[in-house]
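Understanding the architecture of this molecule
As a plain string of letters, each chain reads:
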Amino acid sequence: MPVLKYFGHAAFKISSPKMSILIDPGIINGTPLVSEDERVNVICITHAHLDHFGNAAKIATAQKAFLVGNAETIEKLKEEGAPAWLLRPLPPGESFIRPEVKVTAIDLKHGPSKSSPSISHTAFIVEIGRVKFVHLGDAATRGLLDQWSIDVLLIGIDETETFNPVHALQAVSDLSPKLAIPMHVRSQEEIEYFEAHLPIMAPHVKYKRMEAGEELLIEWAAGTEFVVRPVTGVEP
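Quantities reported herein were computed from a predicted structural model and do not represent experimental measurements. What you see as residue numbers is a count from 1 along each chain, following the sequence as written. This being a predicted model, a pLDDT of at least 70 is required before a residue's local features are given, and a value of 80 or more before pairs of side-chain atoms are given or counted; all residues contribute to the totals for chains, interfaces and linings. As a rule here, side-chain values come from all non-hydrogen atoms in the structure, and water together with hydrogens is ignored.

1. Focus: helix 4 (residues 165–175)
What counts, and what does not: Exposure classes here rest on a 1.4 Å probe applied to the protein chains alone. A residue is buried below 20% of its type maximum, exposed above 50%, and partly exposed in between. A run of DSSP states H or I qualifies as a helix once it reaches four residues; a run of E qualifies as a strand once it reaches two. Both are numbered from the N-terminal end. Relevant arc is that of directions from the helix axis to the C-beta atoms, nothing else. Contacts between residues were defined by any pair of non-hydrogen atoms, one from each residue, lying within 4.5 Å. By the criterion applied in these results, polar contacts are pairs of N or O atoms within 3.5 Å in which, for protein atoms, one can donate a hydrogen and the other can accept it, and in which residues neighboring in sequence qualify only through two side-chain atoms.
Within helix 4, the full set of buried residues consists of P165, A168, L169, A171, V172 and L175. The buried residues of helix 4 occupy an angular sector of 160 degrees when the element is viewed end-on, so they sit on one face. On its buried side, helix 4 packs onto strand 13 (152–156), strand 14 (179–183) and helix 5 (188–201). With a side-chain oxygen lying 3.1 Å from the backbone nitrogen of V166, the N-terminal cap of helix 4 falls on N164.

Spelled out as structure tokens, the structure:
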């Protein structure tokens, strides 16, 4: 049964008893969101912006964790001093597989949706413990993700970098995950709009806004019931 931990901004760790995957351990206002002492096996980076790749090279070096990302991001991690033997470029549509975990790369344009493509951007599908997570990074489009059955959708709500709240609502409605979790939130007005309209746009989708340091246990109980409960904190 996977545990999802939130560090703030777009940084999450998904853990099973034998494997842990860290995604986008950014640096915000000069401060790393994730300590180099955080125990991880795989680090996935959606793109080469500081608020997403952060201190990933240092964490990977300290933990001997594999670094997974697109070619542009891998080059940036090389420049940051990441050991070559830990680097795993992952082209769109291909998967990185370790015991108990499968990570698949999806090529999605960095937002906002009106901007020209200026940086390579990869979303990740993480399959672990029979639960399928999708981390959209700074994507402002859902692409062909509606072809997948998604359990947990980690979606940015920030019209300056990723989805604006209206488009985020449409994406959640179209993708129909079991659980939607917002990230990359900068505006209280935007998140309040999203939360007010989500029950109307996607009444079947569970919702949880996580706080930094919060952890959720997520599982398919008895193979048929999707269960979300706190490891610490308040019941979602």
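2. Section: the pairing of strand 10 (residues 101–107)
To be explicit about the condition: At least two DSSP bridges between two strands are needed for those strands to be called paired.
Among the seven residues that make up strand 10, five are buried, leaving the element largely enclosed by the rest of the structure. Both strand 9 (residues 95–98) and strand 10 contribute to a ladder of four bridges, which runs antiparallel. Counterpart to I97 in the pairing with strand 10 is K102. The turn joining strand 9 and strand 10, which pair antiparallel and follow one another in sequence, is formed by two residues; a positive phi near 75 degrees is taken by E100. Relative to strand 11 (residues 122–128), strand 10 is paired through seven bridges, and the arrangement is antiparallel. What sits directly across from I106, in strand 11, is A123.

3. Let's talk about the environment of I59
On the secondary structure map, I59 appears in helix 2 (residues 56–63). A relative accessible area of 0% means that I59 is categorised as buried. I59 sits 23 residues away from A82 along the chain, and the two C-alpha atoms are 9.2 Å apart.

4. Comments concerning the packing of aromatic side chains
Going by this rule: Think of it this way: a Phe, Tyr or Trp ring, Trp meaning its six-membered ring, pairs with another when their centres are within 6.5 Å, and the plane angle makes it stacked under 30 degrees, edge-to-face over 60, tilted otherwise.
Under the defined criterion, the tally for this structure stands at four aromatic pairs. Each ring, one from F194 and one from Y207, has its centre 5.9 Å from the other, and the planes form 50 degrees; the classification is tilted. On the criterion of sequence distance, the pair formed by F194 in helix 5 and Y207 in strand 15 (residues 206–207) is long-range, its members being 13 residues apart. Exposure remark for F194: the relative accessible area of 0% places this residue in the buried category. Y207 sits in the partly exposed class, given a relative accessible area of 24%.

Geometric descriptors of this kind do not, in isolation, establish any biological role.
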